[in-house]
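Summary of the model geometry
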Amino acid sequence: MTSFAGSAGSARSVRSTDTLTRDALAVLQPGFTGTTAPDWLLRRIGEGLASVGLFGRNVAGPAQLAALTDRMRAEREDLLVAIDEEGGDVTRLEVRGGSSFPGNHALGAVDDTALTREVAREIGRRLAGCGINLNWAPSADVNSNPANPVIGVRSFGADPHLVARHTAAYVEGLQSTGVAACTKHFPGHGDTAVDSHHDLPRIAADLATLHQRELVPFRAAIAAGTRAVMSAHILLPALDADRPATLSPAALHGLLRAPAAEGGLGFDGLIVTDGMEMQAISATYGLERGSVLALAAGADALCVGGGLADEDTVLRLRDALVRAVHEGALPESRLADAAARVRALARWTRNASAGEGAAPGIGLTAARRALRLTADGPYEPLTAPAYVAAFTPLANIAVGDDTPWGVAAELARLLPGTETTTCTARSAAAAGPAALIDGLLTAAGDRRVVAVVRDVHRHSWMADALSTLLAARPDTAVVEMGVPQAPPRGAPHIATHGAARVCGRAAAEILTGLREPSSGE
């Protein structure tokens, strides 16, 4: 250890540097690889790292997760452990099996805020049981653009007021378990046709539209007491012509933080960024510069770890923030304030009461209530093995391609002998719709065909293939597991409003007329 025999002034300088380093670590929310905590992560937690983000790659099961979080908290008792557990399509707890809960779009379709509150409470109870105390959810985005490639069924719907009341209910249910909500993606990612994982989306809405549409659910979330808000990497020229919201003082300090009397939302909790390694930020500004700009703009915690999950990333960002303070690019008081907000949220989670009253069957109950069946006449349930054609789009990064979806597994469980085939944009382009469907029907033989689609309105190849299939086999049942924007077709057509495992089970029950009791029923 270095000896300080110099002046009191030099000692103060060293102490200040140590404080800066701890504050710089405190504002990071990094990830790591593996299902156990690496030594470097434990060491950095001991040095001041106050948050850690978990992803599907870190999850093997509840007991493993609890052991993992216990080990990390042995280094720091008030550690924030965050995860992206929206329910529905975006699940990390059940990344390899599919979620036990339908997502937001299904809950919005039911439009029962008590149900949404209960689903969120059960999600929170399961997270708390694993030692997780910050959930990067709910999505408060208004899905006003049907072509949106990244939100879709992650939104409660297209009506701002419906989204607002369910966002508030979700926040209340989740936080009743002692797990902090992080409402996202401020100021609203719903009116985009670009995925910010890949590029910088631009929203052309004026300020009046923003206040009447995108901001309505965020006001509701703040009124409901959301402890955190996540910023979006989107450019809104009406708000800031140059910088995306995550890097914009006008968006974070001037809109989200400012009091209502000054036209702001008056939020005083933790502002978390979306993943800083996403191309919308890193490809334009670079990881280090983007992180400094985000803190300077008003963000408090930098989420990084979905794509970059190593010690070098943590050290690069720590050093970049300290250097920015020394060079005057980041006020020391701003870094200190951000670190204090992180620690304050950690204290809240320690003092909050854990939720009680498990409701293990609530997810399936909600999925069943969200189903919408359209049929020209009485539907004859399947009684023999079926042939499932899954028309599968490319998964967006938020959902990932590790999580299974569809109805084939549930149908095969209810009707042994059921088989499935997968059709993609590539296979459709290679064969053409006619040849693709001819091959499918040859494989199906005399079995009933069940076509499973996802956002058919966004994929012309899928719509063409489905039309060809229905022309050849009008008795094909169609299950839409995305946003049911296209007119219903099929005998029958079932809209699940999401692709979670429980949505597939609920659809299989309708297709077969076989309903098994769920856990808790």
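No experiment lies behind these values; they were computed from the predicted model shown.

Check the secondary structure of the protein and you find 18 helices and 14 strands. The globule rule puts the C-alpha radius of gyration for 521 residues at 24 Å, and the 24 Å found for the protein is close to it. Principal-axis analysis of the C-alpha atoms gives the protein an extent of 90 × 50 × 45 Å. The buried share among the 521 residues of the protein stands at 58%. Put simply, of all contacts in the protein between residues at least 6 apart along the chain, 77% involve residues at least 24 apart. Summed over all atoms, the accessible surface of the protein reaches about 19,400 Å², with 52% contributed by carbon and sulfur. With 47 positive and 56 negative side-chain charges, the protein shows a separation of 3 Å between the mean positions of the two kinds.

Ranked by size, the top nonpolar core spans 106 residues in total, and within it Leu 54 and Met 72 carry the most contacts. Listed in part, the 26 residues of the second largest apolar core include Val 407, Ala 408, Leu 411 and Val 450.

For the rest of this paragraph, the subject is the packing of helix H10 (residues 287-297) against helix H11 (residues 311-327). Interhelical geometry of H10 versus H11 gives an angle of 55 degrees and a closest axis separation of 9 Å. Taken together, the axis directions place H10 and H11 in an arrangement best described as oblique. You can see that H10 and H11 cross each other, and the crossing is right-handed. Across the interface between the two elements, Leu 287, Glu 288, Ser 291, Val 292 and Leu 295 of H10 pack against Thr 313, Arg 316, Leu 317, Ala 320, Leu 321 and Ala 324 of H11. Among the residues forming the contact of H10 with H11, the class breakdown is seven nonpolar, two polar and two charged.

On average, residues of the protein score 91 in pLDDT, and 93% of them reach the 70 mark or higher. A low-confidence stretch, residues 1-15 stays under pLDDT 50, and its non-local contacts, those more than four residues away or across chains, total one contact.

Let us look at helix H3 (residues 62-73). Taking 1.5 Å per residue as the helical rise, H3 with its twelve residues ought to reach 16 Å, and the 16 Å between its terminal C-alpha atoms agrees with that figure. Taken together, the buried positions of H3 are occupied by Gln 64, Leu 65, Leu 68, Thr 69 and Met 72. Along the long axis of H3, the arc covered by the buried residues comes to 130 degrees, so they all point the same way. Among the exposed residues of H3, those pointing more than 90 degrees away from its buried face are Pro 62, Ala 63 and Asp 70. Looking at the buried side of H3, the elements it contacts are helix H2 (39-47), strand S2 (51-54) and strand S3 (80-83).

Analysis parameters
- Residues numbered from 1 in each chain as written.
- Predicted model: local features only at pLDDT ≥ 70, side-chain atom pairs only at ≥ 80, totals over all residues.
- Heavy atoms only, no water.
- Helix = DSSP H or I, 4+ residues; strand = E, 2+ residues; numbered from the N terminus.
- Rg over C-alpha atoms; globule rule 2.2 N^0.38 Å.
- Buried < 20%, exposed > 50% of the residue type's maximum accessible area, 1.4 Å probe, protein only.
- Contact = heavy atoms within 4.5 Å.
- Areas by Shrake-Rupley, 256 points an atom, 1.4 Å probe, with all protein chains shown as cover.
- Lys, Arg positive; Asp, Glu negative; His and termini not counted.
- Charge placed at Lys NZ, Arg CZ, Asp CG, Glu CD.
- Core = buried A, V, L, I, M, F, W, Y, C linked by side-chain atoms within 4.5 Å.
- Axes fitted to C-alpha atoms, helices over the stretch in contact; angles between N-to-C directions.
- Parallel < 35°, antiparallel > 145°, perpendicular 65-115°, else oblique.
- Left-handed = near helix turned anticlockwise from the far one by under 90°.
- Nonpolar A, V, L, I, M, F, W, Y, C, P; charged D, E, K, R; others polar.
- pLDDT = per-residue confidence, 0-100.
- Expected span 1.5 Å × (residues − 1).
- Arc of directions from axis to C-beta.

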